[in-house]
Amino acid sequence: MTPAHGVCMECKRRGTVCVMVANGTPCLGPVTLAGCGALCPAYDRGCYGCFGPKETPNTTSMSAGWTALGVTEPELVRAFRSFNAYAEAFRKESEAHER
Amino acid sequence: MNAKTIKVDVLARVEGEGGLFVRVRDQRVTEVKLNIFEPPRFFEAFLRGRKFSEAPDITARICGICPVAYQMSACHAAEDAFGVHIEGSIRELRRLLYCGEWIESHALHIYMLHAPDFLGYEDVIQMAKDHPEAVQRGLRLKKIGNQIMTLVGGREIHPINVRVGGFYKAPSKQQLKGLTEDLKWARDAAVETCRWVSTFTFPEFQRDYEFVALRHPDEYPMNEGRLVSSKGLDIPIQEYEQHFAEEHHKHSNALHSALLERGSYFVGPLARYNLNYEKLTPLAQKAARTAGLTATCRNPFQGILVRAVETVYACEEALRVIAHYEEPDKPYVEVTPRVSIGHGCTEAPRGILYHRYRYDDRGLISNAKIVPPTSQNLKTMEEDLSEFVSARLHLPNDRLQWQCEQAIRNYDPCISCATHFLKLRVERE
């Protein structure tokens, strides 16, 4: 069974220091479904959302966090529009940054 | 009426969806088609407007068996475009990761997909009843290839640790050393695989193939080299499209690639072996000789043997990289995008995989072209079938169909890649 929580939880359990907070690396972990074991942050890179949105993801807040790190609107669109581009939460968020 | 049809609607033991159709009339093969009905996958279009850095993650998804090949060709294309050349430990780590993929992919094909053809089983599950030791050896061999990919790449399928310029994180010396014992077992198991496979019966068959592979002055080719052929081609990979072109055929959702000058050609283990035999390690060469091979092998049915030889090589090469590995100061080299075109061509387990990208000033991909190994072998596979069936019309249909399927599996086709294939039909009228 795929858990309902996000990748962040798996980083905490695994003991991986948050790449977004500690290194300023944009990471989709806060809004992405767990199940991979939080692989990408363990390899010093941000999650790229390949498991799709978790339950009740706060994509708006996460995008604000990314923007604060200097991520541009087109980059946000691409981040949400990859392997799960049509999953509702990701689709809406990518569209919001296209306007 | 002296006619028949050999028809396989859905070919088993190949990666992807395809079928095979042969029509025979008056003791002549009149039609051969590899029907590739796996739907087109549009990856080249997905890549438009994406950043150069996304290509390794996106293109890896084209294949679950050879994702590293896609990642390597994508990275090398970007590095070619942006004027970066990767050397030292990072280059060695890439080679190690590729060894992992060659081991897992070759073990899968030798033991699970192709050996049942030679030993007369429907599949490896049936085969396991009578050959439990061999199947267990194959599975463990595959697992060790996977272990390399997991350690260096983050996971065995669709690794996450590869980036343009190198890796996100380099493994420690200690972590790599941990693979040594398993790899020594794998090397010996690969030598045993050569011996085991050499006891199979190989149909007598060969044609005047043009073998195409990379060639590198110092090593058996994986990531780098010039593109050479057994009929005199010798070009830098940047000139690929001046010599090779893809064409569409109605019966195939995979494009057929051809040499503009001479038509069909042959990529994969046999091509690499014939063009680079002298670069194999002494142990791999010895395993080849013991198995009855010389420096040239033109029988595609013996491809399974050459895969086993390459597996010996890949295990030894992985051991060499691990023994000499020093952690790099930084796991990647920074790249700065510019308006440019980049070419990447690397040796996937089943043959050369070509990528070409056009980038804009922000490093966004405006155009992408990907030519997987299977689309380069399709023409040769159809020609093989035509000649193979012509010489074996006396065989009963079930036997003929069996051998036709086997002839297709010689190429370890990855239809999912090529559509970016298999059913057999022989129609005797």
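Look up a bit, the structure's there.
Not measured: the values here are computed from a predicted model.

About the cut-offs
Residues numbered from 1 in each chain as written. Chains lettered and ligands numbered in written order. Predicted model: local features only at pLDDT ≥ 70, side-chain atom pairs only at ≥ 80, totals over all residues. Helix = DSSP H or I, 4+ residues; strand = E, 2+ residues; numbered from the N terminus. Rg over C-alpha atoms; globule rule 2.2 N^0.38 Å. Buried ≥ 20, exposed ≤ 12 C-beta atoms within 10 Å, placed from the backbone. Pairing = 2+ DSSP bridges. Contact = placed C-beta atoms within 7 Å. Axes fitted to C-alpha atoms, helices over the stretch in contact; angles between N-to-C directions. Nonpolar A, V, L, I, M, F, W, Y, C, P; charged D, E, K, R; others polar. Parallel < 35°, antiparallel > 145°, perpendicular 65-115°, else oblique. Left-handed = near helix turned anticlockwise from the far one by under 90°. Expected span 1.5 Å × (residues − 1).

Participant: Just checking my understanding: could you explain the overall build of chain B for this structure?
Facilitator: Tallying secondary structure elements over chain B gives 15 helices and 14 strands in all. The globule rule puts the C-alpha radius of gyration for 429 residues at 22 Å, and the 21 Å found for chain B is close to it. Overall, the C-alpha framework of chain B stretches about 70 × 45 × 35 Å when taken along its three principal axes. Looking at chain B as a whole, 55% of its 429 residues qualify as buried.

Participant: Before we go on, may I ask you to explain the sheet that holds strand β6 (residues 212-215) of chain B in this structure?
Facilitator: Through backbone hydrogen bonds, the strands of a sheet pair up, either in parallel or in antiparallel fashion. Residues and elements named next belong to chain B. Pairing is antiparallel across the open sheet formed by three strands, whose spatial order is β6-β7-β8. The open sheet has two edge strands, β6 and β8 (234-235), and neither has a second partner. With two bridges connecting them, strand β7 (residues 226-229) and β8 associate as antiparallel partners. By the bridge assignment, Leu227 is partnered in β8 with Ile235. Against the sheet, helix α10 (residues 269-276) engages β6 and β7, with an angle of about 50 degrees to β6.

Participant: Hey, could you run me through the interface of chain B and chain A in this one?
Facilitator: By convention, interface size is frequently given as the accessible area that disappears when the constituent parts associate. Counting residues at the interface gives nine residues for chain B, matched by seven residues for chain A. Taken together, the residues that form the side of chain B that touches chain A break down as two nonpolar, two polar and five charged.

Participant: How do you make sense of the packing of helix α13 (residues 373-390) of chain B against helix α14 (residues 397-409) of chain B when you look at a structure like this?
Facilitator: The relative placement of two packed helices comes down to the angle between their axes together with the axis-to-axis distance. All names here are of chain B. The N-to-C vectors of α13 and α14 enclose an angle of 150 degrees; their axes lie 10 Å apart at closest approach. Accordingly, the angle class assigned to the pair α13 and α14 is roughly antiparallel. Remark: the crossing between α13 and α14 carries right-handed chirality. Along its contact with α13, which presents Met381, Asp384, Leu385, Phe388 and Val389, the element α14 presents Leu400, Cys404, Ala407 and Ile408. Residues of the contact of α13 with α14, tallied by class, amount to eight nonpolar, no polar and one charged.

Participant: Just to check I follow, could you spell out the environment of Glu347 of chain B for this structure?
Facilitator: All names here are of chain B. With respect to the helices and strands, Glu347 occurs in strand β11 (residues 340-348). Between the alpha carbons of Glu347 and Arg320 there is a distance of 19 Å; along the sequence they are 27 residues apart. Those residues in contact with Glu347, other than ones at most four positions away along the chain, are Ala213, Leu214, Pro221, Met222, Arg272 and Ile352.

Participant: Explain helix α12 (residues 303-324) of chain B here, please?
Facilitator: The periodicity of an α-helix, 3.6 residues per turn, causes residues three or four places apart in sequence to face the same way. With 22 residues, α12 of chain B should cover 32 Å at 1.5 Å per step; its first-to-last C-alpha distance of 31 Å lies within 8% of that length. The element α12 of chain B is largely enclosed, with a buried count of 18 among its 22 residues.

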